[in-house]
Amino acid sequence: MPKGERGTAKPYLRGEIWWIKYYVPGETRPRRESSKSTNKTVAVRLLNQKKAEVDRGEIKAGEPLIDHLLELYLSDQLKFKRRGLKNAINYVNKHMRPAFGSLKASQLNDKLVNRFIETKRQAWCADATINRILAALKRSYALGLEAKPQLVFFNAHYRVAGRG
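None of these values were measured; they are calculated from a predicted model. Throughout this document, residue positions are counted from 1 along each chain, in the order its sequence is written. Two thresholds apply to this predicted model, a pLDDT of at least 70 for residue-level local features and 80 or more for giving and counting side-chain atom pairs, whereas whole-chain, interface and lining totals are computed over all residues. With hydrogens and water stripped out, all remaining heavy atoms of the structure feed into the side-chain values.

Examining the packing of helix H2 (residues 66–79) against helix H5 (residues 127–146)
Direction vectors running N to C along H2 and H5 enclose 95°, while the axes themselves pass 8 Å from each other. With respect to H5, the element H2 is oriented roughly perpendicular. Note on element contacts: H5 touches H2 through Ala-136, Leu-137, Arg-139, Ser-140, Tyr-141, Leu-143 and Gly-144, opposite Ile-66, Leu-69, Leu-70, Leu-72, Tyr-73 and Asp-76. Nonpolar residues are Ala, Val, Leu, Ile, Met, Phe, Trp, Tyr, Cys and Pro. Charged residues are Asp, Glu, Lys and Arg, and all others, Gly as well, are polar. Broken down by class, the residue content of the contact of H2 with H5 amounts to nine nonpolar, two polar and two charged. Orientation is described by lines fitted to C-alpha atoms, with helices fitted over the stretch in contact, and by angles between N-to-C directions that extend from 0 to 180 degrees. Secondary structure elements are defined from DSSP: runs of H or I of at least 4 residues count as helices, runs of E of at least 2 residues count as strands, and each element is numbered from the N terminus. Working definition: roughly parallel below 35 degrees, roughly antiparallel above 145 degrees, roughly perpendicular at 65 to 115 degrees, and oblique for all remaining angles. The contact rule is simple, with two residues in contact once any of their heavy atoms fall within 4.5 Å.

Regarding the packing of aromatic side chains
Two aromatic rings from Phe, Tyr or Trp, using only the six-membered ring of Trp, form a pair when their centres are within 6.5 Å; if the ring planes differ by under 30 degrees the pair is stacked, by over 60 it is edge-to-face, and anything between is tilted. Inspection of every chain in the model, using the stated rule, returns one aromatic pair. A cation over a ring is seen here: Arg-14 above Trp-19, with NZ or CZ 4.6 Å from the ring centre. A ring is scored as having a charge over it whenever the NZ atom of a lysine or the CZ atom of an arginine sits within 6 Å of its centre and within 35 degrees of its normal.

With respect to H2
A helix's residues, less one, multiplied by 1.5 Å, set its expected span. Compared with an ideal rise of 1.5 Å per residue, which puts 14 residues at 20 Å, H2 spans 20 Å between its outermost C-alpha atoms and is within 8% of the ideal. Contacts from the buried residues of H2 go to helix H3 (85–100) and H5. Trailing H2 by a residue or two, Lys-81 shows a phi angle of about 50°, which is positive.

Structural notes on unusual backbone geometry
In most cases, non-glycine residues show a negative phi, while peptide bonds are predominantly trans. With a phi angle near 60°, Lys-36 is a residue other than glycine that sits in the positive phi range. Within the secondary structure layout, Lys-36 lies in the loop between strand S3 (31–34) and helix H1 (40–56). The residue Trp-124 is not glycine, and still its phi comes out positive at about 65°. By the element assignment, Trp-124 lies in the loop between helix H4 (110–122) and H5. Using a 1.4 Å probe on the protein chains alone, a residue whose accessible area is under 20% of its type maximum counts as buried, one over 50% counts as exposed, and one in between counts as partly exposed. The class of Trp-124 is exposed, set by a relative accessible area of 79%.

Function cannot be read off these values alone, since they describe shape.
Here it is as structure tokens:
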């Protein structure tokens, strides 16, 4: 977002206190914060500081949890009336949510996936079942990538793949 674009950020008065409003790329709604001051110049200074932090990448859009991506996956399965909907619900609720649900989407890595695979093997899950679970996880990330606004940003160095 170019600096100084009209309507992107501004201070405004609420009662006697000045508040600021600014936008973060990737978020649909503006962020609003109190300057905790009755002086407009303090609010303008805070606003300029926040805009600089956004430009440097220090302030980013809220990051989704893997649980949010799993919800996208289930809604996709339901929307297109997939035959495997019952299995998909089982994979998500029994296997993926307990293992990954509370993690941020960007925190998933090879180490966690490999630990998940070993845990499922020790629990006597078939290799085909583990592959289907990982395929569902991969589809969840793909749906997050396609979502508007985009929930997951592609990282060329990492991809969720099967056990291969």
